[in-house]
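Given next are the chains, with one letter for each unit.
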Amino acid sequence: MSVLERARELQPDLVRLRRSLHREPELGLRLPRTQEKVLAALDGLPLEITLGRELTSVTAVLRGGRPGGAVLLRGDMDALPVDELTGVEYASELPGRMHGCGHDLHTAGLVGAAMLLADRRESLQGDVVFMFQPGEEGHNGAGAMIDEGVLGAAGKPLDAAFALHVSANRLPGGWVASRPGTVMTASDVLRVTVRGEGGHGSAPHHAKDPVPAVCEMVTALQNWVTRTFDIFDPVVVTVGRLHAGTQQNVIPDTAEFEATVRSYSEANHERLAAGLPRLVRGIAAAHGLDVEVEYEMLYPVTVNEPAATTFALDTARELFGPGEVWEAPQPASGSEDFSLVLNKVPGAMLLVGAAPEGVDVEKAPQNHSPRAVFDDRVLHRQAALLSELAEQRLAAGASA
């Protein structure tokens, strides 16, 4: 039986697990119910399991029956603080929480890969580390697991690391895409609080109004980006939160905003961290106002190792056929803390289309939308691909 045929047999179990996870989404680094469900799904498999100390992670090691290297497979498990509006029958039962980025599929797919590889353990030429990770959505879960030793869980250096990320739009269901080099952006957060002196709205000359200064900063961020960075190495700065005041005729003491900052190269990542705080401090000084600036560098650029990417795409073509595998011409604009793993281990992240059958993939709601729907028919394909990536990479290392 081929790995894809065996994966199809697992599909009903993977769907049940995925939908159970979807109904009870959890946020951040503490996912106790999710961890329980993963452990129950892995129960009975020949795995060495370690639980996280500071986060509810699960690290499982499968020892192959033949000597060889080690490969890591990652699946993130956390959800988003979003009210779900999909209307699916397995929708979130918890207000303000939703698996709107597809991490429930990642988790179930990785469980499926563990099942498939356990079936083939005796012929496996090395070890596989399964990294079930909380806190990908801005909580540095990968960094925390690295600190707790996930990269050394096999007791030997890792030869490669792979992860999949589903997409609710843009890719047809089941298709696989990736590219060598930069595959996803770096992600940072700029937080600014401008402090002035409040007063009556009718007499701004007797106050120090922080609102015009913040407005100028928001506009200046966009102008500075277009005049500082090469358009062929793009940078995106988006102000997603802006707040000031309590009433129309009251000048507030403070005004504040937060922006997400994305960049496609480490050089620009560093330039932004220095330049954006300098810009807003200069504007505050020009207005005679105090300012507090926090620039948090969240995740670096996600960079696929070229040889690992070629191997991964070739493996996907052999599994699914060349018509359903695509080398992307440009990076995705999202960010990933799997970048922290790829900074230390050669490997690749691949995208898997999970748009429902019959939808226009160009118009379907995107990841993070409260209306994003992911088709769980791709679960067995995820499991099969992850399994093949590990098994074939170990075999290649053993024969090298």
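Refer to the structure presented above.
Predicted model, so just to flag it, every value in this text is computed and none were measured. For every chain, the first residue of the written sequence is number 1, and numbering continues from 1 onward in sequence order. Note on the predicted model: pLDDT of at least 70 is required for a residue's local features to be given, and 80 or more for side-chain atom pairs to be given and counted; whole-chain, interface and lining totals, by contrast, use all residues. Only hydrogens and water are set aside; all other atoms, that is, all heavy atoms of the structure, feed into the side-chain values.

**Section: the overall build of the protein chain**
Scanning the protein chain from N- to C-terminus turns up nine helices and 16 strands. When the backbone C-alpha atoms are referred to their principal axes, the protein chain occupies close to 80 × 45 × 45 Å. A simple rule labels every residue: compare its accessible area, found with a 1.4 Å probe on the protein chains alone, to the largest value its type can have, and call it buried under 20%, exposed over 50%, or partly exposed in between. Buried positions account for 54% of the 400 residues belonging to the protein chain. Whether two residues are in contact is decided by their heavy atoms, any of which lying within 4.5 Å being enough. Counted over contacts in the protein chain with a minimum sequence separation of 6, partners at least 24 positions apart contribute 81%. Carbon and sulfur atoms provide 50% of the accessible area of the protein chain, an area that totals close to 16,900 Å². Starting at the N terminus, helices and strands are each numbered in turn, a helix being any DSSP run of H or I of at least four residues and a strand any DSSP run of E of at least two. Every accessible area reported is derived by Shrake-Rupley at a probe size of 1.4 Å, with residue values counting cover from the shown protein chains alone.

**Brief notes about the nonpolar core**
L42, L73, F130, F132 and F162 are the most contacted members of the largest nonpolar core, which totals 60 residues. Ranked by the residues each element gives to this core, the list is headed by helix α3 (residues 103-119), at nine residues. Setting aside residues up to four positions removed in sequence, L73 forms contacts with L110, A113, L117, V128, V129, F130, M131, F162, L386 and A390. Here, nonpolar core means buried Ala, Val, Leu, Ile, Met, Phe, Trp, Tyr and Cys residues that are tied together by side-chain atoms lying within 4.5 Å of each other. A213, L221, A259 and Y295 belong to the second-largest nonpolar core, a separate cluster that totals 27 residues.

**Side note on the sheet that holds strand β3 (residues 66-76)**
As a general point, the strands of a sheet are linked pairwise by backbone hydrogen bonds and lie either parallel or antiparallel. Ordered by their spatial adjacency, eight strands build an open sheet running β1-β2-β4-β3-β5-β16-β6-β15, and the pairing between neighbours is mixed. A single partner strand is all that each edge strand has here, and the edge strands are β1 (47-51) and β15 (325-327). Neighbour-to-neighbour, the strand axes of the sheet open up by a mean angle of 20°, direction not taken into account. We treat two strands as partners when DSSP finds at least two bridges between them. In this description, a line fitted to the C-alpha atoms serves as the axis of each element, helices being fitted only across the stretch in contact, and the angle between N-to-C directions of two axes falls anywhere from 0 to 180 degrees.

**Looking at the pairing of β1**
In terms of strand pairing, β1 meets strand β2 (residues 58-63) through five bridges, oriented antiparallel. Looking across to β2, one finds that I49 is bridged to A60. Hairpin connection from β1 to β2: six residues lie between these consecutive antiparallel strands.

**Examining the environment of G321**
Its place among the elements puts G321 in the loop between α7 (306-320) and β15. Each C-alpha atom of the pair G321 and W175 lies 9.9 Å from the other, and the pair is 146 residues apart in sequence.

**Topic: the sheet that holds strand β10 (residues 235-244)**
Pairing is antiparallel across the open sheet formed by four strands, whose spatial order is β10-β12-β8-β13. Taken across any chain shown, the strands that pair with only one partner, and hence form the sheet edges, are β10 and β13 (290-299). Between one strand axis and the next, the sheet turns through 15° on average, direction left out of account. With ten bridges connecting them, strand β8 (residues 186-195) and strand β12 (residues 254-263) associate as antiparallel partners. Residue V192 lies in a different strand from β12, and its bridge partner there is F257. Those strands touched by helix α6 (residues 266-286) are β8, β10, β12 and β13, and its axis lies near 165° from that of β13.

**Thoughts on the packing of helix α1 (residues 3-23) against α3**
Packing of α1 against α3 leaves a shortest axis separation of 9 Å and a crossing angle of 145°. For α1 against α3, the interelement crossing comes out right-handed. Seen from α1, the contacting residues are V3, R6, A7, L10, L14, L17, R18, L21 and H22; seen from α3, they are D104, L105, T107, A108, V111, G112, M115, L116 and D119. Gly falls in the polar group here, along with every residue not listed as nonpolar (Ala, Val, Leu, Ile, Met, Phe, Trp, Tyr, Cys, Pro) or charged (Asp, Glu, Lys, Arg). Of the residues in the contact of α1 with α3, the class split is eleven nonpolar, three polar and four charged. Here is the rule for handedness: rotate from the far helix to the near one, and if that takes an anticlockwise turn smaller than a right angle the crossing is left-handed, while a clockwise turn gives right-handed.

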